[in-house]
Structure formats: C-alpha cells, structure tokens
Amino acid sequence: MEELSRSVSELKQTFNTGRTRDVEWRKAQLKGIIKLLDENELQIFQALERDLGKHPVEAYRDEIGVIKKSARFTLSSIDKWVAPTKKQVPLLFYPSKGVVMPEPLGIVLIFSSWNFPFTLSLDPLIGAVSAGNTVVLKPSELAAECSAFLSKTIPLYLDCKAIKIIEGGVEVAEKLLQQKWDKIFYTGNARVARIVMSAASKHLTPVTLELGGKCPAIFGSLSDGDMKVAIKRIASGKWGPCSGQACVGIDYILVEHQHASKLIDLLKKTIKKFYGENMGSLKNLCKIVNKHHFNRLHNLLEDPAVAASIVYGGSLDEQNLFIEPTILLDPPVDAVIMVEEIFGPFLPIITLDDIHESIEFINSREKPLTIYAFTKDESFKKQILAETSSGSVTFNDTFVLNACDNLPFGGVGESGFGRYHGKYSFDTFSHEKAVLERTFYFELEGRHPPWNDFKLQFIRLAYNYDYFGLVLLLLGLKRKFT
Amino acid sequence: MRSAYINKEREIEIEKEIEREKEKETEREMDNDSKFDGESARVMMKELRETYSTGKTKSYEWRICQLNNLLKIAEFHEPEILQALHSDISKPEFESFVHEIWLIKTSCKLAIKELKRWMKPEKVGTTLVTFPSSAEIVAEPFGVVLIISAWNYPFLLSLDPVIGAIAAGNTVVLKPSEVSPATSSLLAKYIGEYMDSSAVKVVEGAIPETSVLLEQKWDKILYTGNSKVGRIVLAAAAKHLTPVVLELGGKSPIIVDSDIDLKIAARRIISGKWGCNNGQACISPDYIITTKDFAPKLVDSLKLQLLKFYGEEPLKSDDLSRVVNSNHFNRLIKLLDDDKVSGKIVHGGQRDIVNLKIAPAILLDVPEDSLIMNEEIFGPLLAIVTVDRLEESFNIINSRPKPLAAYLFTNNKKLKEKFVGDVSAGGLLINDTTLHLTVPTLPFGGVGESGMGGYHGKFSFDTFSHKKAVMYRSYLGDASERYPPYTTRKLRFLKAVMNGSFLDIFRAILGWP
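Conventions used here
- Residues numbered from 1 in each chain as written.
- Chains lettered and ligands numbered in written order.
- Predicted model: local features only at pLDDT ≥ 70, side-chain atom pairs only at ≥ 80, totals over all residues.
- Heavy atoms only, no water.
- Axes fitted to C-alpha atoms, helices over the stretch in contact; angles between N-to-C directions.
- Helix = DSSP H or I, 4+ residues; strand = E, 2+ residues; numbered from the N terminus.
- Parallel < 35°, antiparallel > 145°, perpendicular 65-115°, else oblique.
- Left-handed = near helix turned anticlockwise from the far one by under 90°.
- Contact = heavy atoms within 4.5 Å.
- Salt bridge = Lys/Arg side-chain N within 4 Å of Asp/Glu carboxyl O.
- Patch = residues over 30% accessible without salt bridge, like charges linked within 9 Å, V, L, I, M, F, W, Y side chains within 5 Å.
- Areas by Shrake-Rupley, 256 points an atom, 1.4 Å probe, with all protein chains shown as cover.
- Lys, Arg positive; Asp, Glu negative; His and termini not counted.
- Charge placed at Lys NZ, Arg CZ, Asp CG, Glu CD.
- Buried < 20%, exposed > 50% of the residue type's maximum accessible area, 1.4 Å probe, protein only.
- Pairing = 2+ DSSP bridges.
- Domains from an automatic or database assignment.
- Buried area = accessible area lost by both parts, 1.4 Å probe.
- Polar contact = N/O pair within 3.5 Å; in protein donor to acceptor, adjacent residues only side chain to side chain.
- Nonpolar A, V, L, I, M, F, W, Y, C, P; charged D, E, K, R; others polar.
- Expected span 1.5 Å × (residues − 1).

### Side note on the packing of helix α10 (residues 262–273) of chain B against helix α11 (residues 295–310) of chain B
Pairs of packed helices are described in terms of their axes, by the angle between the two and the distance that separates them.
Residue and element names in this part refer to chain B.
Okay, step 1: Remark: α10 packs on α11, axes separated minimally by 9 Å, with the N-to-C direction vectors making an angle of 60 degrees. When the axes of α10 and α11 are compared, the pair comes out oblique. Where α10 crosses over α11, the two elements pack in a sense that is right-handed. On the side of α10, the interface is formed by Leu-262, Lys-263, Ala-266, Arg-267, Ile-269, Ile-270 and Ser-271, while α11 contributes Lys-297, Leu-298, Ser-301, Leu-302, Gln-305, Leu-306, Lys-308, Phe-309 and Tyr-310.

### Considering the pattern of salt bridges
Okay, step 1: What the rule picks out here adds up to 53 salt bridges over all chains.
Okay, step 2: With its nearest N and O atoms 2.9 Å apart, the salt bridge here joins Lys-27 of chain A to Asp-79 of chain A. Separated by 52 residues along the polypeptide, Lys-27 of chain A in helix α2 (residues 23–39) and Asp-79 of chain A in helix α4 (residues 56–82) bring together distant segments of the chain.
Okay, step 3: By sharing partners, the salt bridges in this structure join Lys-232, Arg-233 and Asp-397 of chain A together with Arg-473, Asp-478 and Arg-482 of chain B into a single network.

### Focus on a negative patch on the surface
All names here are of chain A.
Okay, step 1: A cluster of acidic residues, Asp-353, Asp-354, Glu-357 and Glu-360, forms a negative patch on the protein surface.
Okay, step 2: One can find Glu-357 in helix α14 (residues 357–363).
Okay, step 3: For Glu-357, a relative accessible area of 34% corresponds to the partly exposed category.

### Focus: the side chain of Glu-209 of chain B
Residue and element names in this part refer to chain B.
Okay, step 1: One can find Glu-209 in helix α8 (residues 207–215).
Okay, step 2: The side chain of Glu-209 sits in the buried core without any salt bridge; Lys-175 is the nearest counter-charge, 6.9 Å away.
Okay, step 3: Once residues within four sequence positions are removed from consideration, Glu-209 is found in contact with Phe-36 and Glu-204.

### Focus: the sheet that holds strand β9 (residues 252–256) of chain A
Okay, step 1: Taking strand neighbours across the sheet as the criterion, the ten strands line up as β10(A)-β13(A)-β14(A)-β9(A)-β8(A)-β15(A)-β16(A)-β18(B)-β2(B)-β1(B) in an open arrangement whose pairing is mixed. In this open sheet, the two edge strands, each paired with only one partner strand, are β10 (310–312) of chain A together with β1 (122–124) of chain B. Strand after strand, the sheet turns through a mean of 25 degrees between neighbouring axes, direction not considered.
Okay, step 2: Across the sheet, helix α10 (residues 257–275) of chain A is in contact with β8 (216–219), β9, β10, β13 (326–329) and β14 (346–352) of chain A; its angle to β9 of chain A comes to roughly 135 degrees.

### Some details on the domain arrangement of chain A
All names here are of chain A.
Okay, step 1: Domains assigned within chain A are domain 1 (2–211 + 421–432), domain 2 (215–410) and domain 3 (449–481).
Okay, step 2: Computed over C-alpha atoms, the centres of domain 1 and domain 2 are 30 Å apart.
Okay, step 3: Between domain 1 and domain 2, the contact holds 21 residues from the first and 24 residues from the second.
Okay, step 4: Contact between domain 1 and domain 2 buries roughly 2000 Å² in total, counting both sides, with carbon and sulfur atoms accounting for 55%.
Okay, step 5: Inspection of the domain 1/domain 2 interface yields one salt bridge.
Okay, step 6: The partner of Lys-69 in a salt bridge is Asp-405, and the shortest N-O contact between them spans 3.3 Å.
Okay, step 7: Across the domain 1-domain 2 interface, the total number found is seven residue pairs in polar contact (both at pLDDT 80 or more).
Okay, step 8: Of all the elements, α4 adds the most residues to the side of domain 1 that touches domain 2, at five residues.
Okay, step 9: For the side of domain 1 that touches domain 2, the per-class residue count stands at seven nonpolar, five polar and nine charged.

### Some remarks on helix α9 (residues 227–238) of chain B
Okay, step 1: In this model α9 of chain B runs 16 Å from its N-terminal to its C-terminal C-alpha over twelve residues, within 8% of the 16 Å that 1.5 Å per residue would give.
Okay, step 2: Looking at α9 of chain B, one finds that the buried residues are Gly-230, Val-233, Leu-234, Ala-236, Ala-237 and Ala-238 of chain B.
Okay, step 3: Packed against the buried residues of α9 of chain B are α8 (190–201) of chain A together with β3 (144–148), α8, β6 (220–224), β7 (244–247) and β17 (451–452) of chain B.
Okay, step 4: Regarding α9 of chain B, its N-cap is Asn-226 of chain B, as a side-chain oxygen of that residue lies 3.0 Å from the backbone nitrogen of Lys-228 of chain B further along.

### Examining the sheet that holds β6 of chain B
All names here are of chain B.
Okay, step 1: Spatial ordering of the open sheet is given by β5-β4-β3-β6-β7-β17, a layout of six strands whose pairing is mixed. Both edges of this open sheet fall to β5 (200–202) and β17, since each of them pairs with a single strand only.
Okay, step 2: By the bridge criterion, four bridges tie β3 to β6 in an arrangement that is parallel. By the bridge assignment, Leu-146 is partnered in β6 with Ile-221.
Okay, step 3: Against the sheet, α9 contacts β3, β6, β7 and β17, and its axis sits at roughly 180 degrees relative to β7.

The following block contains the structure:
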C-alpha cells in the first residue's frame with residue numbers, strides 16, 4: 001500500500017512539473033508505443049499465444065495493428081486536438097473572445113481486460129497520454145504473460161515517472177481504488193464496474209465504463225451470394241476474436257424459421273473451413289482463458305434443454321482449455337445461456353416467425369454494446385436504428401466498426417457509458433475548459449445595480465439580441481415595455 | 001348529582017378525545033395520500049418507461065410541442081414566478097428577470113430554433129481499413145432521466161436541464177429543491193398544467209423523497225448542488241451504472257492585477273458577487289487574491305461602488321437577495337465571527353437576523369487556515385488574500401480543490417496566458433465575472449470537486465443523448481484476406497491495409513517481397 005501511495009505521489013509530482021502537458025512529450029510517448037510494437041512483435045505474438053492461444057494474424061489484426069493505427073492517427077492529429085477551439089460569442093458581449101481549451105485531468109487509472117490484453121491496455125493509454133495525463137495502468141492478471149511483458153517493456157520505451165504499470169489481481173485493484181484519481185477508465189464486466197464506480201464516487205472521480213452485453217446479430221433475407229459473404233463475416237466475427245470471448249462478439253443470432261437451416265448449413269461449412277473439421281483438428285482459434293471460465297461455459301451446456309439444442313460442435317478439451325465452435329438451435333430463452341453474456345464459442349440461433357420481431361426480442365433485454373444486422377431492407381435498417389438502443393450498430397458486417405477512428409466506441413445502459421477511439425480517446429481524458437476573455441472597453445452600465453425601469457428595458461432587449469431596439473432605447477426613442 | 005356532573009365533564013373530555021383522534025386520523029390519511037414512497041416511485045417509473053417505449057418522446061413534433069409549452073410557462077406567468085422567487089429568497093425583481101426567466105426563455109428559444117439541426121445524424125469519414133463503408137453518429141435519448149435542482153436559482157436550475165432532456169427526447173422527473181418551496185410548488189403546478197404529464201413529472205419533497213428517487217434505475221441523472229450530496233448521488237447511480245452530470249461549486253477565486261481599469265473591475269466584481277443572489281451562486285466570486293500594495297486601492301474602490309449600488313443602508317436595499325434560511329444565516333455568521341478573522345472585516349457585515357439579511361462584507365488579509373478560506377462561502381462575504389507578487393496566486397489556487405470558475409482582472413498578456421494554462425477550473429473568465437454562463441457556445445460544468453459533465457446550448461442536448469455509432473457495409477469487395485485459414489501472405493496484406501499503404505497492399509496481393 002505504501003509503495004502504491006509512493007507511486008501515486010510520484011505521478012502527482014511529475015504532473016505538477018507540467019512536463020506531460022508539453023505536446024512534444026506526448027508525441028514522444030506515442031512514438032515510444034509504436035517503437036515498442038515494432039521492436040517486440042515476436043515477443044508480443046508469443047505472449048498472446050501463451051496466454052490465449054491467439055494466432056499471429058489475429059494478434060496483429062486485433063492488437064498490434066489496431067494500436068499502431070491508433071497511435072499513428074493520434075500523432076498526426078494531436079496538434080489540431082490540443083489547440084483551443086474558437087467559439088462564437090454574442091455581439092452583446094463585444095469585444096470578447098470565447099474558446100474551449102482541452103486540458104489534462106491529472107492522474108488517471110486504466111483497468112484493462114484479459115481478452116485483448118494489448119489493445120485494451122495501450123489504446124486507452126494512447127488517449128490518456130495524448131491528453132497530457134500521468135497514468136497507472138493495471139493489466140488483467142488473467143493474461144499473465146502479457147501483463148508481465150507490459151510491466152517489463154513499457155518502462156523501456158515510455159517515461160516511467162509518468163506512466164506506471166501495476167500488476168496484480170483483485171487485492172491490488174481494491175488498493176488502487178482507494179486512491180484518489182482524476183479519471184478511471186475501466187474495461188470489463190458490469191458487476192465489477194459497479195464496484196469501480198462506487199469507489200470513484202467517494203472522490204467524485206469521473207469514470208468511463210467499457211462493458212459488454214449480449215450482442216445480437218439480426219439475420220434478414222439475403223441473396224445467395226450475399227448470404228455466403230454474410231456467413232463468412234458472422235463466423236469470423238464470432239469465433240475470430242478470441243474464440244467468442246469479446247465484448248463485441250456476436251452473442252446470439254435472430255433469424256426467421258425459413259432461413260434457419262440454410263444459415264446453419266452454411267455456418268457449418270464455413271466453420272470447418274476456417275477452424276477445422278472437428279475437435280481433433282481445431283486451428284486458428286484461441287483457447288478459453290482459464291479453468292474458471294472453461295467451467296462456466298461447460299455449465300451452460302449442462303442444462304439438458306440447452307444440450308438438446310446443439311446442432312453442431314459441443315466438444316470440450318478440458319486439459320488444453322479448448323472448446324470447439326458450437327451452434328445451438330432455439331435453446332430455451334430463459335436458460336442461462338440466453339440470459340447471461342456467453343463470452344465464449346457458443347452461438348445460439350433463435351428463430352422467429354417474422355424478422356421484425358427481433359426488435360422486441362432485443363428490447364426486452366439490457367442494452368448491448370453493439371447490434372449487428374444483416375439486411376439490405378432500407379426501411380428495416382431505419383427501424384432497427386430508431387427502435388433499438390445499443391452502443392453502436394453495424395449493418396452487414398461484424399467487428400469492423402472498432403477499426404474506424406472517427407466513430408465513438410462505447411456502451412449505453414448495462415453496456416457502459418463514456419466512449420473512446422480516435423479523438424474521443426483524447427476527449428475522454430481531457431477536461432474541456434471554457435474560457436471567455438473580455439476587455440475594459442464598452443461597459444454596459446445597464447447590467448449594474450441600482451435597478452430601474454430603463455435598465456430592465458435595456459436588459460430585456462439585450463437578452464433578445466434586439467440590437468435595433470437597444471439603439472432606439474439608447475437614443476431615447478423606445479419607451480414602452482415589450 | 002356530583003357523579004352526574006363528573007360524568008358530564010368526562011363525556012365532554014371523551015368527545016374532545018374522539019375529535020382529536022379523528023383529526024389525527026385525517027392527517028395521517030392525508031399524509032399517506034401525498035407521501036412519495038417506494039411504491040409511488042415504482043408506479044411512476046413504470047408509467048414513464050411505458051410512455052418512453054411508445055416512442056412518442058423521440059418524435060420531433062413532441063419535443064417541439066413540449067419546448068413551446070415550457071416557453072409559455074416563462075412567458076405567461078412572469079408575475080407568479082417573480083412572486084415565488086421573492087418569497088423564497090427575496091430575489092430582486094431585476095435578478096429574477098435576468099438570471100432566471102430570461103435565461104430560460106433564451107435557452108428554450110435556442111433549442112426550438114436548433115433542434116432539427118441537433119437531431120440530424122452526423123456523417124463521419126471512413127478510411128481504407130473499412131473500405132468500402134459509410135458511417136454516421138446518431139443521437140438517441142437515454143430514456144428516463146432525473147433532474148435534481150437547487151434552491152438558489154430554483155427556476156433556472158430546474159428548467160434549463162429539463163429543456164436539454166426534452167430536446168433530446170427523454171422522459172423526465174424533476175425534483176426541485178425543498179429549500180425554495182414557493183418555486184417548487186409553482187413548478188409542480190405549471191409543469192402539470194402545460195407539459196405532457198405522462199412524460200414530464202415533478203416530485204416535490206426533501207431528503208426522504210430524494211432518497212426514494214435515487215433508489216430507482218435512471219438512464220441519466222443531472223444533479224446541481226454541493227459535493228457532499230454529489231457523492232451520495234454518484235454512489236446511488238453506481239448501483240445501476242447510471243451516467244451522471246454533477247454541477248457543483250467550489251471557491252471561485254479572482255486574481256486582481258494592479259494595471260486595470262479599477263472602477264469597471266470593481267463594478268463587475270460586485271455585480272458578479274452580490275448582484276448574483278447576494279453571493280449565493282455556484283460561480284460567485286468567493287475570494288480575491290491581489291498584491292499587498294494594491295489591496296487598499298481595491299478595497300476603497302469596492303467600498304465606493306458598493307455605496308453607489310446599494311446605498312448607505314444595504315440591509316434596506318431591495319436590490320439584494322436575503323440569505324435563504326436561518327441555517328445558512330447562522331453558518332455565515334460563524335464565518336464572520338471566527339476568531340481568526342476578527343479585525344479583518346474592513347467593510348459591512350451588519351446583520352438583520354429577523355429578515356435574514358447580511359450586508360455585503362469585505363474581509364482583508366484573511367489567514368489561509370481561517371474557516372472562511374476553507375469552505376465555499378456561498379454568501380455575501382468576500383475574502384481578500386494578499387500576496388507579495390501576483391504570481392504566487394497560482395500556487396494558492398492550485399493547492400485547493402478545482403473550482404467551478406476562476407477569474408482574472410489584468411491587461412498583462414503573459415499573466416493571462418499563465419492563468420489560462422495553469423489554472424484548472426470548470427470555466428475561466430478574464431476581466432469580468434459570471435458572464436460566461438450566459439454564452440451558449442461554451443460548455444458549463446465543473447472538474448474535480450466542482451463536478452463532471454456540462455451543459456448549456458447544444459451541450460445540453462448532447463449531455464442527455466446517447467451518441468450511437470453506426471457503420472454501413474456492403475457485400476461488394478469482400479477481401480478473403482481477412483478470413484482464416486491464416487497465412488503469411490494474409491498477414492502481409494493485413495499489415496499493409498492497417499498501415500494504410502497502397503503500395504504495400506499491391507505488393508502483398510502480387511506476392512512481391
């Protein structure tokens with residue numbers, strides 16, 4: 001605890017020197033992150049392979065590539081972002097200047113997660129340093145190799161008096177939460193998020209919560225050609241990212257009865273092609289992160305009604321913590337697998353009479369982090385947008401939205417609040433300070449006591465920005481109240 | 001005969017007892033009817049969620065209609081509003097017009113004028129990485145929101161957030177402050193009459209009612225008040241993962257340089273301090289920092305202007321609000337009577353305990369460990385701290401919790417730059433006080449102890465909206481490189497796409513090194 005307090009004090013001191021506000025310092029940290037990734041690609045692949053069985057292509061696509069892109073985008077934009085933004089000020093206050101000036105919040109705490117241990121650590125870190133803050137990053141202990149790598153390597157590339165990595169589990173997290181932070185950024189689940197927010201409330205610390213939820217994929221009617229592409233995207237969007245252990249992973253599919261069997265057939269073919277013919281020849285798939293989650297997932301299939309609905313897969317390898325891609329057709333909607341976020345390689349398919357019923361189905365559940373909809377029906381798209389609520393919506397694809405630097409990434413309701421990516425990362429770690437500058441010229445006497453009718457009339461006109469009326473009043477030509 | 005007499009007496013007694021019991025029973029029944037408890041809250045929430053799920057509050061027409069109706073309250077009931085504000089806090093008519101009614105009207109008219117534009121989805125650019133695609137950000141309401149208002153600007157701080165909430169398409173519960181009961185009832189009455197009561201409700205009451213409200217699951221909460229209750233609100237919100245805006249306060253400092261137009265500066269300081277609810281405002285100048293040399297001149301100028309503004313007997317001036325209640329009155333007297341500031345009062349401080357008035361008071365050279373320098377004053381006392389060099393003022397300010405506002409009076413460009421760069425506060429204003437609150441293009445909110453989030457103008461609409469990211473993709477140009485089985489060639493392609501390098505993409509496709 002003492003060591004922790006010392007670290008926090010050191011970060012405060014560093015912040016107070018003003019060094020982290022300097023744009024050159026911020027750029028140096030961003031360049032440091034890119035260099036770290038460039039020079040340690042193999043080690044990063046290895047750490048991800050050991051922690052999660054992540055394939056290098058997946059590791060590059062979802063972790064290294066994402067962070068590099070994010071750092072480069074930030075580097076190329078940061079001069080623009082730190083500059084004050086001019087704001088229009090009413091003529092009444094002439095001559096005045098109004099600007100909004102971003103400033104760092106101070107000392108920020110970032111809690112990362114285990115499924116994308118690099119992205120979910122370094123992407124928020126990019127936001128925090130670009131905004132000029134000092135940072136404590138706590139990687140997830142469940143991805144131990146990645147956590148150790150970050151702890152060892154970040155000090156070699158970044159300013160270690162301003163950015164600290166603190167490893168550990170629940171105990172360390174609790175101790176961290178007792179400190180006073182200027183911002184906390186948490187990625188994880190809703191249960192722990194409540195604990196984080198509650199701790200933050202004692203110090204009035206603003207928080208961003210990046211949580212998850214049951215992200216549905218609505219599958220409408222598509223032509224054969226489009227359907228083939230859609231299925232590939234669904235398969236790679238479900239099992240591609242960490243074998244379904246992703247906050248934006250597809251949790252379940254909604255489809256009309258008539259299309260279900262075709263959907264399942266195509267999915268089976270695609271799974272075999274992408275991930276192997278059977279349990280014995282699984283490839284390109286992450287393992288389940290640990291025993292606890294493996295057992296949790298195993299238990300989901302213990303429900304007899306759920307087990308009976310398995311139409312593909314269902315095999316588990318306890319020793320190596322692998323579970324094969326599994327499709328279920330119409331498990332009971334009140335089974336645990338349909339109530340809790342799956343966060344694993346099971347894909348329930350729920351059939352409906354009419355695809356438009358999917359809206360009510362989704363709305364009867366908590367707001368998810370994202371909704372996927374495979375349809376070309378423009379009015380259905382509009383209906384989905386207008387009548388459902390989620391962090392985001394993607395039409396006709398999966399996962400790619402996260403790669404768009406201009407779109408905010410974050411949840412709503414149970415899936416969290418706050419957002420980041422691109423400039424939103426910078427903003428989320430900044431305080432937007434309003435600054436108004438006036439001069440001593442042109443004093444409006446009407447604003448000062450003692451009050452009288454003239455002054456009241458003056459203010460009425462002024463507040464309506466009725467400049468013509470004001471001129472008349474000042475010339476003595478306007479007497480009546482309006 | 002004697003027993004008959006006693007019996008008669010006893011009969012009368014019994015009848016009186018019965019009468020008393022009946023009265024108590026009626027009182028209890030009335031209490032139960034008007035009591036806002038857990039059950040009432042649940043019923044109310046159910047109604048609001050049902051209203052929201054019909055989708056009617058999302059329509060432009062509904063929002064415009066509600067905004068217009070809200071405007072009517074401000075336009076058609078000026079006398080009643082003035083009366084209520086006068087009853088609650090003896091607010092001068094002028095201040096009630098300018099700071100409450102007119103600000104609400106302007107805010108409402110701006111929302112009505114801009115709503116269509118605010119509701120439009122915002123198109124955003126996409127890059128090579130997601131090519132071909134298009135993307136936009138769509139604003140949608142959160143759902144059911146709670147607004148907890150304060151007593152010092154009871155009309156403004158209730159309706160300004162309501163304007164934002166309605167403009168964004170939410171259903172709303174407003175809980176006005178019980179410390180301003182006349183305005184609270186006025187709001188309950190007119191909101192009930194003018195607004196869609198299935199979507200916009202007022203719950204009056206005090207701590208018990210507020211606690212009941214905070215137990216419910218809201219989609220957003222906006223609280224205006226103090227940081228102690230701010231913590232309670234945030235902790236309650238944490239149980240439901242409800243995002244919160246906290247508009248709090250703090251000790252807003254003014255740094256006063258010597259090279260200024262002293263008369264104008266003094267008048268602006270007085271207007272911002274005593275002209276805003278007699279110091280009972282979240283952005284009220286709390287204390288001044290100036291040099292030891294300049295302090296006497298500043299004090300003289302303030303005294304002179306105070307005389308012009310409020311006359312020889314400020315306790316009798318109608319242009320000053322009273323202190324809101326005896327709690328706050330006693331709190332302020334304690335600050336004045338603190339041993340550490342005895343002998344420091346250089347002007348005013350006379351008190352009228354019957355009418356709850358304190359004359360504008362200036363205290364010079366207050367020690368930093370005095371009571372007055374360690375809590376938000378929120379009253380008509382202005383403390384002046386003196387330093388040898390003005391640059392020392394930054395350390396003083398930065399060693400304290402971040403305030404909602406900070407002010408600087410100077411013509412010195414370097415000082416202005418240092419102020420803007422070094423001082424962290426919700427908002428900064430140079431060469432004036434409090435005005436920045438009225439500029440709708442500037443976000444109004446705090447940082448650190450002074451709060452989180454902000455509103456005013458479009459920021460109100462934004463604060464009550466969830467900005468949903470939407471990406472549109474087509475089935476054309478599907479790159480097989482993104483799918484397993486993963487190969488080295490696919491990795492190269494992926495790297496090239498993510499690096500945004502056309503040349504590398506070309507080489508990857510052709511298999512060139």
